[in-house]
Protein chains: 2
Amino acid sequence: MKTLTTSALTGAGCLLLGALALTNCQKSALSNDSAISADGEAAKKVYVAPGKHDEYYAYLSGGFNGQVDVYGLPSGRLLKVIPVFSQNPENGYGYNEETKPMLQTSFGQIPWDDLHHPKLSRTNGKPDGRWLFVNGNNTPRIARVDLSTFETAEIIEIPNSAGQHCSPYPTDNNEYVVAGTRFAVPIATDGSGIQDVPLDTYKDKFRASLSFIKVNKESGEMDIDFQILVPGFDFDLANGGKGPSADWMFFTSYNTEKAGTLKEIGASQNDKDYLAAINWKKAAEYARQGKAREIPANYYHNRMDEKTHTAVSTQMKSVRVLLPEDCPGMMYLIPVPKSPHGVDVDPTGENIVVSGKLAAVIPVHSYTKMLEAIKNKSFDKDINGIPVLKYESVLAGEVQKPGLGPLHTEFDNKGNAYTSMFVSSEVVKWNVKSREVLDRIPVYYSIGHLMIPGGDTQNPDGKYLLAMNKITKDRYLPTGPELAQTAQLIDISGDKMKMLLDFPTFGEPHYAQAIKADVVSKNSKKFYRLDENKHPHATTKEADARVERKGNQVHVYMTAIRSHLAPDNIEGIQVGDEVYFHVTNLEQDWDVPHGFAVMGNQNAELLVMPGQTRTLKWVPTKSGVTPFYCTDFCSALHQEMQGYARVSPKGTNTPIKFWLGEKKKPAI
Amino acid sequence: MKTLTTSALTGAGCLLLGALALTNCQKSALSNDSAISADGEAAKKVYVAPGKHDEYYAYLSGGFNGQVDVYGLPSGRLLKVIPVFSQNPENGYGYNEETKPMLQTSFGQIPWDDLHHPKLSRTNGKPDGRWLFVNGNNTPRIARVDLSTFETAEIIEIPNSAGQHCSPYPTDNNEYVVAGTRFAVPIATDGSGIQDVPLDTYKDKFRASLSFIKVNKESGEMDIDFQILVPGFDFDLANGGKGPSADWMFFTSYNTEKAGTLKEIGASQNDKDYLAAINWKKAAEYARQGKAREIPANYYHNRMDEKTHTAVSTQMKSVRVLLPEDCPGMMYLIPVPKSPHGVDVDPTGENIVVSGKLAAVIPVHSYTKMLEAIKNKSFDKDINGIPVLKYESVLAGEVQKPGLGPLHTEFDNKGNAYTSMFVSSEVVKWNVKSREVLDRIPVYYSIGHLMIPGGDTQNPDGKYLLAMNKITKDRYLPTGPELAQTAQLIDISGDKMKMLLDFPTFGEPHYAQAIKADVVSKNSKKFYRLDENKHPHATTKEADARVERKGNQVHVYMTAIRSHLAPDNIEGIQVGDEVYFHVTNLEQDWDVPHGFAVMGNQNAELLVMPGQTRTLKWVPTKSGVTPFYCTDFCSALHQEMQGYARVSPKGTNTPIKFWLGEKKKPAI
């Protein structure tokens, strides 16, 4: 069994980064042993005995898998994968007719995205366990997951944007969820969208947009209220003010140099980049007052209808746009160390921590000082009519020698902050008031985000911290060139951090949220009521099961119940027909799904929950008897839950015929 | 926190099954507490401290997710998901150009399957850690996963078949891997495939095939040597003989009644169904002697070329078929209790355990007695020329009162057998020689397969048993109507079984294999050598990065290295072009993949391992500047690893132009 060596760490965790020294990193490696809690003690802390439940739900983004991965903490067990932006062969999401419209965009149906940041909905600045908002970083989209069903309820495309990295950050009561452009693009102000212009016009023509999405208090439904067109920087991360600063939203930006090529070098030329501070209440007021121009925009808003369990995709036609130069007092730029990544506001709402990936210190800006600086017009200059505040006039102070490559900060309930250090592969604990470093613990390797349950809200927990690391290398048994990413659970209840557990993650968790289990579990739905099933093709009684031909479409109205499908024998289908199996699961109990698949179908399967109807499309390419069956082992006679479709050559015109069992006569 | 109650168990684990009593089931629930090992002790047994490695690799089938899920034991951590039969948005398998051919079948490209049984390759009856064979139960296919890379190396379609459930069972030295038809279908004997006949001709015209796939000793490459056309039963599970019985392969079959509809009732009429015993050595001899007829067959054989890392799909034209009536001594039928599921041969090769899902006893057949019965022609009758042996003449004895709903049996290294009981939700331990029940432990809920590392081979382990359960219900925090399946790790090292750990599984694990870690890890590949990259579109030096137009195809020869893509600015692309990004990862270190995605692409992403080339196809639907970027956080300047493609309207005919950084002049 391999053990860690300093040289392994130097190669992996401490990625070369220009001229930065690796001293801290090497120190971390050496201090490893002392930081790990005694095995027996750690084992007991993370062990959840058979039949017992985890204490927290943790929602980790799946990154390039486009999904949300639900883990239990402290066990680190993967409880569920929720497909959001990507097709999911396991349950047919994105393959079945009901969910295909969820993936509709102005580019067509997009079967994949890069899901970065999960954010729980909030009531009075505290996670309320109702919804989870997530962003699609590739084709700009924001989605809402319903935490009573753990299913994707809504996806809204963001026009006038490219990439959505600083998304979807909520305000204290979800008045808005914000979404910002990561890749500056030439956005036309006349509503003609992203332009086809020479790439060397970057400095002049490329710009970014910050979108403010309203959330309905009752239903959670989203709607783009307005966008602010801003300079063409790369907007990276965001965070909402809290309590006193609750009306403000903060965004980091990099490449204020506006380098259009080789950004690796070009985007790190200036000593300072900017934090954008936006007073969203003022912005909303401006929009109400008619300062927003309504311009044409082509984007899709996709919602899962609660009664039919079928997604409805609506093409949207316009969006309201604000320009900062028209709206004084709405937006300011605050200098921050070059190439910043995370911005994190502490639970009091006063301290705004900005992590510059290439910076040697962590600046903490003061909300109070910001207001004063605005009042005193302590400006350096303005950019496109946006005042730039003086760095020192906003700065509360700097955390000295925190480590190398600070990325993200979260907070505990005792006034401490925890910052992830990508380059030196460690988590650094410091006091928010004194900005003194109190403790550090090595993580393996190259940590990105970290997460404390509630640690991004007004009500942080103080028990666990989750480190999400970018490099895995030798942490687990090797699995060839492709490895899982990895998380580490750290006990932060005492003065010193203690390492408890390593667990591999599914996809790349860019961020996570966690919440005490009962806040969510008390509302968890167990199954869908059959008498509430309003799917247009539902078959709620086996006696109504039937097959109907409409031109070249064949609709199979099928029921599934332990242990048979009805009908289970079908004749009269022809090669090239569009066959739609509308399968209704008649069960009315928790955890009795039925699956459905057809041999040789150029599609995935259906996984149908009790009381639900799902539709699988099949276009047979070959004549011959073709079996179908239940794919989810549902009972002792599951293997017998199978049937046949007879496919005849095109043009045979044999009549439709179907039956179930000897007791029923063949029906036509 | 919920606790288990007898009523919860009755509702869930003890699914109603005709008139079977639930007494055992209820008894199990009550004995639960005493069976669970003390928490602290169990915690220590399953805890793998940060930086330490698991003791075993466990390969669990993903069932309806079409993947193999690699877990570490005893921790129960999901180390990796290997896509096999299904598209995988996470790494682009089935979406990128190199792997699309892996999913080719005679029905077209099939993006999904139902993966049931993983089986490790063997040397002298012992798992050798080289390959993992798996079956696609929906569109009949067998795949081979290479355990040096943990990637799917080969998929072969099985003609003349429908469903492949009793697959892919290997012989002691992988001379053959077998694959049997689950859904009887009207197979033509003239090579015209599966026929278009009325479904009520089931009894006369439907039949099954058992395929014998040769495995190349050096490369692992598969090839269908011959098929045996057998009566139209549903062939369910298989198992190879061992040691003395190594020349034989055993298959269970159900629906020997040949009910074509409502099999739930129709397939359980007869008191006995059959175990098929096939002497594969004799069959191979018959095939060699010319008894096999070569008939036309249309199927695909897809292989990942080791040098180009590109799948090659070959259309096959014929297959050799044997008929049992032509081959005396090759095949026998042995009566077994009705509706059998698993057949499992003990490590000595003498005892053949058959589990009848509806049976009250577990019969153990004797290999020695079978040979004697054959010699003595102790036959009941024959079916299609296949002799049916007398039940009693083959029977060694029966395990009495084992529990309800026996499904599968595995063995330890001390002469004990462990049988899963679906209906009474328990694992029952019994002595193979005495057939006496020694111990029982409840499992939650409704166990399907169970697995002991090596427990299906000549060399079983005696430490752990993994129960794979079909119903989850309240075992974990609720996640809405759709729940993960669940596994339970049981300590079998002592006289009494002890429950150690519950962990959710990904997809539905129909079966699993496990192996001591070092047997596999010693051969694990860390990255691909760039100087061995023979991909036809590889770009192994950044200086060779370029863009070429060929008609309406645009080929981008791109390199990726921390932290830039080359080229990173491209002009001259038009709406409707077929753009192929051939991305080569220039890194030469472990665990430095780069990802690649394009905004608005109707495709997934690429995940490119060091030294490898992967190709993403993009057909732009909109004009405008379109960003692309690295999707896998690779370095501190990962966010800067991005570029732009300018898309102009169709017919613009602007010349191709591309560049990287200021240092390079735009090239045409």
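Every value quoted in this text rests on a predicted model; they were computed, and no experiment measured them.

What counts as what
- Residues numbered from 1 in each chain as written.
- Chains lettered and ligands numbered in written order.
- Predicted model: local features only at pLDDT ≥ 70, side-chain atom pairs only at ≥ 80, totals over all residues.
- Heavy atoms only, no water.
- Helix = DSSP H or I, 4+ residues; strand = E, 2+ residues; numbered from the N terminus.
- Rg over C-alpha atoms; globule rule 2.2 N^0.38 Å.
- Contact = heavy atoms within 4.5 Å.
- Areas by Shrake-Rupley, 256 points an atom, 1.4 Å probe, with all protein chains shown as cover.
- Buried < 20%, exposed > 50% of the residue type's maximum accessible area, 1.4 Å probe, protein only.
- Arc of directions from axis to C-beta.
- Polar contact = N/O pair within 3.5 Å; in protein donor to acceptor, adjacent residues only side chain to side chain.
- Disulfide = S-S within 2.5 Å.
- Pairing = 2+ DSSP bridges.
- Salt bridge = Lys/Arg side-chain N within 4 Å of Asp/Glu carboxyl O.
- Nonpolar A, V, L, I, M, F, W, Y, C, P; charged D, E, K, R; others polar.
- 1 Å grid on protein atoms, 1.4 Å probe; cavity = no way out; pocket = protein on both sides within 12 Å on 5 of 7 lines; lining within 4 Å.
- Points joined across faces, edges and corners; volume = space filled by probe spheres on them.
- Least-squares fit on C-alpha atoms with pLDDT ≥ 70 in both.
- pLDDT = per-residue confidence, 0-100.

K.L.:
Break down the overall build of chain A for me, citing the residues and quoting the values.
P.N.:
Counting its regular elements, chain A contains 10 helices and 45 strands. The C-alpha radius of gyration computed for chain A amounts to 27 Å, which stays within 12% of the reference 26 Å derived for 668 residues, consistent with globular compactness. With respect to the three principal axes, the spread of C-alpha positions in chain A is 85 × 65 × 45 Å. Considering only intrachain contacts with a sequence separation of at least 6, the fraction spanning at least 24 residues in chain A is 62%. As displayed, chain A has an accessible area near 19600 Å², and 50% of this comes from carbon and sulfur atoms.

K.L.:
An account of helix 7 (residues 280-288) of chain B is requested, with residue identities and associated values reported.
P.N.:
Residues and elements named next belong to chain B. Along helix 7, the positions that sit buried rather than exposed are Trp 280, Ala 283, Ala 284, Tyr 286 and Ala 287. Within helix 7, the buried residues cover an arc of 160° as seen down the axis, which keeps them to one side. Contacts from the buried residues of helix 7 go to strand 11 (176-180), strand 12 (207-215), strand 13 (222-231), strand 15 (248-254), strand 16 (272-279) and strand 18 (311-322). With a side-chain oxygen positioned 3.2 Å from the backbone nitrogen of Lys 281, the residue opening helix 7 is Asn 279. Gly 290, located one to two residues past helix 7, shows a positive phi value of around 95°.

K.L.:
Can you break down the state of the cysteines residue by residue, with the values?
P.N.:
Scanning all chains against the criterion turns up 0 disulfides over all chains. Of the cysteine sulfurs around A:Cys630, a residue in no disulfide, the closest is that of A:Cys634, at 4.0 Å. Free cysteine: B:Cys166, not disulfide-bonded; nearest cysteine sulfur from B:Cys327 at 19 Å. With relative accessibility at 0%, the residue B:Cys166 sits in the buried group.

K.L.:
If you had to explain the pairing of strand 35 (residues 546-550) of chain B to someone new, which residues and values would you point to?
P.N.:
Residues and elements named next belong to chain B. As paired strands, strand 35 and strand 36 (residues 553-561) are joined by 5 bridges and run antiparallel to one another. Looking across to strand 36, one finds that Lys 550 is bridged to Gln 553. Between strand 35 and the antiparallel strand that follows it, strand 36, lie 2 residues; Gly 551 among them carries a positive phi value of about 65°.

K.L.:
With reference to specific residues and values, describe the interface of chain B and chain A.
P.N.:
Taken residue by residue, the interface counts 164 residues in chain B and 164 residues in chain A. Linking chain B with chain A are 6 salt bridges, by the criterion used here. Close ionic contact of A:Arg646 with B:Asp196 constitutes a salt bridge, the shortest N to O distance being 2.6 Å. Counting the contacts that link chain B with chain A gives 87 residue pairs in polar contact (both at pLDDT 80 or more). Within the side of chain B that touches chain A, the residues separate by chemical class into 78 nonpolar, 48 polar and 38 charged.

K.L.:
Can you tell me about empty space enclosed by the protein, naming the residues and giving the values?
P.N.:
Across all of its chains, the model carries 15 cavities of 30 Å³ or more by this definition. A volume near 340 Å³ is recorded for the largest cavity. For the largest cavity, the lining is made up of 25 residues, of which A:Ser75, A:Arg77, B:Ser75, B:Gly76 and B:Arg77 are closest to its centre. For the lining of the largest cavity, the secondary structure elements donating two or more residues are helix 4 (39-46), strand 3 (77-83) and strand 33 (498-505) of chain A together with helix 4 (39-46), strand 3 (77-83) and strand 33 (498-505) of chain B. Take the lining of the largest cavity: its biggest share by element is 4 residues, from strand 33 of chain A.

K.L.:
Give me the relation of the copies chain B and chain A: which residues, what numbers.
P.N.:
Expressed as a screw operation, the relation of chain B to chain A combines 0.0 Å of axial shift with a rotation of 180°, fitting to an RMSD of 0.0 Å. Here the two chains are linked by the operation of a two-fold rotation axis. Using C-alpha coordinates, one finds that chain B approaches the rotation axis most closely at B:Ala43, a distance of 2.8 Å. A shared interface surface links the copies, since 100% of the contact residues of chain B are contact residues in chain A too.

K.L.:
Outline the confidence of the model for chain A, listing residues and values.
P.N.:
Residue and element names in this part refer to chain A. Here chain A averages 93 in pLDDT, while 93% of its residues score no lower than 70. Here residues 1-35 is modelled with pLDDT under 50, and outside its nearest four sequence neighbours on either side it reaches 66 contacts, counting other chains as well. At the level of chain-chain contacts, confidence expressed as ipTM amounts to 0.94, with global pTM at 0.95.

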